[in-house]
Amino acid sequence: MDSLNNRTALVTGASSGLGAEFARQLARRGCHLVLVARRADALARIASECESQGVSVTVISHDLSQQGAAEALHSEVKSRDISVDILVNNAGFGVHGYFMSQPLARINDMLALNVVTLTQLTQLFGRDMVERGHGHILQVGSVGSFQPGPLYGAYAATKAYVLSLGEALACELRGTGVTATVVCPGVTATEFLDSAGQDGKMSFYQKMVLMQADEVVRQGLEAMLAGRPAVVTGWLNKLQILALRLVSRRFAARAALWGMRLD
Ligand SMILES: NC(=O)c1ccc[n+]([C@@H]2O[C@H](COP(=O)([O-])OP(=O)(O)OC[C@H]3O[C@@H](n4cnc5c(N)ncnc54)[C@H](OP(=O)(O)O)[C@@H]3O)[C@@H](O)[C@H]2O)c1
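Since the structure is predicted, the reported quantities are computational estimates derived from the model, not experimental observations.

So, the overall build of the chain
Counting its regular elements, the chain contains 10 helices and 7 strands. The globule rule puts the C-alpha radius of gyration for 263 residues at 18 Å, and the 18 Å found for the chain is close to it. Looking at the chain as a whole, 41% of its 263 residues qualify as buried. Residue pairs in contact within the chain that sit at least 24 positions apart in sequence constitute 71% of those at least 6 positions apart.

Next up, the structure:
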């Protein structure tokens, strides 16, 4: 395992799922942490797990879907004199169901978190990294970044944005010492499906491709450290993305609708 001794990583959405696992695996590599999410109690629990690895952990409870959240977080981190070497833009959520039936307020919050705050954090912390001449930016995309996602239409569109921005950045940042990587997980065992409104139900496709968070995070961190622009986690997900190159987007959308119907 590569050492990240005395580096500092800021992980958004670190109170559960992939974010909590990013925190654990980064701590095991000797990386100090800034953990951000809304649930302070859950963040405190993850923080004490990570501190047992001998790293220092700062917890910041913040709602990142609020306007101005990125600037406020960046200022708070600066005021604590912390330099962020690794930004893990992980916080995000989906909204499940037919788009026309989805609550607009929930879609607004999702766009604010998955797209607006992610973009602003990338620029604010990314500029600091470029000035220092080193750093890593890791964005969490999705298999949904690659295709239209019926029943997760607006969510998949946010993840298409994340992949597009991330790959463009990886190209622009060449030679700066800063890398940009997008990790694209498929369905992973976290709180995601419940918070999206699937109410404990999963489709046959979702059960078939389900991965565990530790493996997704391991593959994401390896890709980041290798400076790869993007990685799709898991061989079944990789196969799906390869297959997409052989069919029309219209067919891919119809197949996705079929695959996402719940049991
Ligand atoms: N699990 C999957 O199947 C899957 C597949 C592909 C991509 N992803 C992506 O993976 C990332 C992590 O999701 P997960 O699967 O780990 O789901 P999760 O267990 O639900 O975690 C989501 C995290 O985001 C945080 N968050 C949500 N709203 C927030 C807000 N307004 N402000 C700050 N933090 C907020 C949550 O913390 P609080 O509630 O404490 O704020 C939580 O820590 C997301 O970007 C998701 O889109 C997940």
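Notes on the site of the ligand
With respect to spatial proximity, 29 residues lie near the ligand, and among them Gly 13, Gly 17, Arg 38, Arg 39 and Gly 92 are the closest. Of all the secondary-structure elements, those providing two or more residues to the shell around the ligand are α1 (17-28) and α6 (192-196). Among the elements that line the shell around the ligand, the one with the most residues is α1, at 3 residues.

What to know about unusual backbone geometry
Phi is positive for Asn 6, close to 65°, though the residue is something other than glycine. Relative to the elements of secondary structure, Asn 6 occurs in the segment before β1 (8-12). By C-beta crowding, Asn 6 is classed as exposed, having 11 other C-beta atoms within 10 Å. Positive phi, close to 50°, is recorded for Asp 199, a residue that is not glycine. Structurally, Asp 199 is set in the loop between α6 and α7 (204-209). Assessed through the 9 C-beta atoms surrounding it within 10 Å, Asp 199 is described here as exposed.

Observations regarding the packing of helix α4 (residues 104-132) against helix α5 (residues 153-172)
A packed helix pair is summarised by two numbers, namely the angle formed by the two axes and the spacing between the axes. The interhelical angle for the contact between α4 and α5, taken along N-to-C directions, is 5°, at an axis separation of 10 Å. Taken together, the axes of α4 and α5 are roughly parallel relative to one another. Taken together, the residues of α5 that come into contact with α4 (itself represented by Ile 107, Met 110, Leu 111, Asn 114, Val 115, Leu 118 and Thr 119) are Ala 154, Tyr 155, Thr 158, Tyr 161, Val 162 and Leu 165. Across the contact of α4 with α5, the residue classes tally to 10 nonpolar, 3 polar and no charged.

Remarks on the environment of Glu 71
Along the chain, Glu 71 falls in helix α3 (residues 69-79). Its 13 C-beta neighbours within 10 Å are what place Glu 71 among the partly exposed residues. Put simply, Glu 71 and Thr 117 are 46 residues apart on the chain and 9.0 Å apart in space, counted from C-alpha to C-alpha. Every residue in contact with Glu 71, bar those within four places of it in the chain, is listed here: Gln 120 and Leu 124.

A closer look at the pairing of strand β3 (residues 57-61)
Relative to β3, strand β2 (residues 32-37) runs parallel, the two sharing 5 bridges. Note on β3: the bridge partner recorded for Val 36 is Ile 60. For the handedness criterion, the β-α-β arrangement of β2, helix α2 (residues 40-51) and β3 is classed as right-handed.

Here we look at the packing of α3 against α4
Following both chains from N to C, one finds α3 and α4 inclined at 35°, their axes separated by 8 Å at the closest point. By crossing handedness, the relation of α3 to α4 is classed as right-handed. Contacts between α3 and α4 pair Ala 69, Ala 70, Glu 71 and His 74 from the former with Thr 117, Gln 120, Leu 121, Leu 124 and Phe 125 from the latter. Of the residues that constitute the contact of α3 with α4, the class distribution is 5 nonpolar, 3 polar and 1 charged.

Some words on the nonpolar core
The nonpolar side chains of a soluble globular protein tend to be buried with one another. Ranked by internal contacts, the top residues of the largest apolar core, which has 65 residues, are Leu 10, Val 11, Ala 14, Ala 23, Leu 33 and Leu 35. Discounting chain neighbours no more than four positions away, the residues touching Leu 33 are Ala 9, Val 11, Ala 23, Leu 26, Ala 27, Cys 50, Val 55 and Val 57.

Structural notes on the pairing of strand β5 (residues 135-140)
Counted residue by residue, β5 has 6 buried out of 6 residues, so it is predominantly covered. Alternating positions in β5 separate into two faces, Gly 135, Ile 137 and Gln 139 on one and His 136, Leu 138 and Val 140 on the other, with burial throughout. As paired elements, β5 and strand β6 (residues 178-184) share 6 bridges and run parallel to each other. Residue pairing for β6: Gln 139 is matched across the bridge by Val 182. Viewed along the sheet, the connection from β5 through α5 into β6 turns out right-handed.

Reading the values: rules and limits
- Residues numbered from 1 in each chain as written.
- Predicted model: local features only at pLDDT ≥ 70, side-chain atom pairs only at ≥ 80, totals over all residues.
- Helix = DSSP H or I, 4+ residues; strand = E, 2+ residues; numbered from the N terminus.
- Rg over C-alpha atoms; globule rule 2.2 N^0.38 Å.
- Buried ≥ 20, exposed ≤ 12 C-beta atoms within 10 Å, placed from the backbone.
- Contact = placed C-beta atoms within 7 Å.
- Near = placed C-beta within 6 Å.
- Axes fitted to C-alpha atoms, helices over the stretch in contact; angles between N-to-C directions.
- Parallel < 35°, antiparallel > 145°, perpendicular 65-115°, else oblique.
- Nonpolar A, V, L, I, M, F, W, Y, C, P; charged D, E, K, R; others polar.
- Pairing = 2+ DSSP bridges.
- Right-handed = clockwise from strand over helix to strand, strands pointing away.
- Left-handed = near helix turned anticlockwise from the far one by under 90°.
- Core = buried A, V, L, I, M, F, W, Y, C linked by C-beta atoms within 7 Å.

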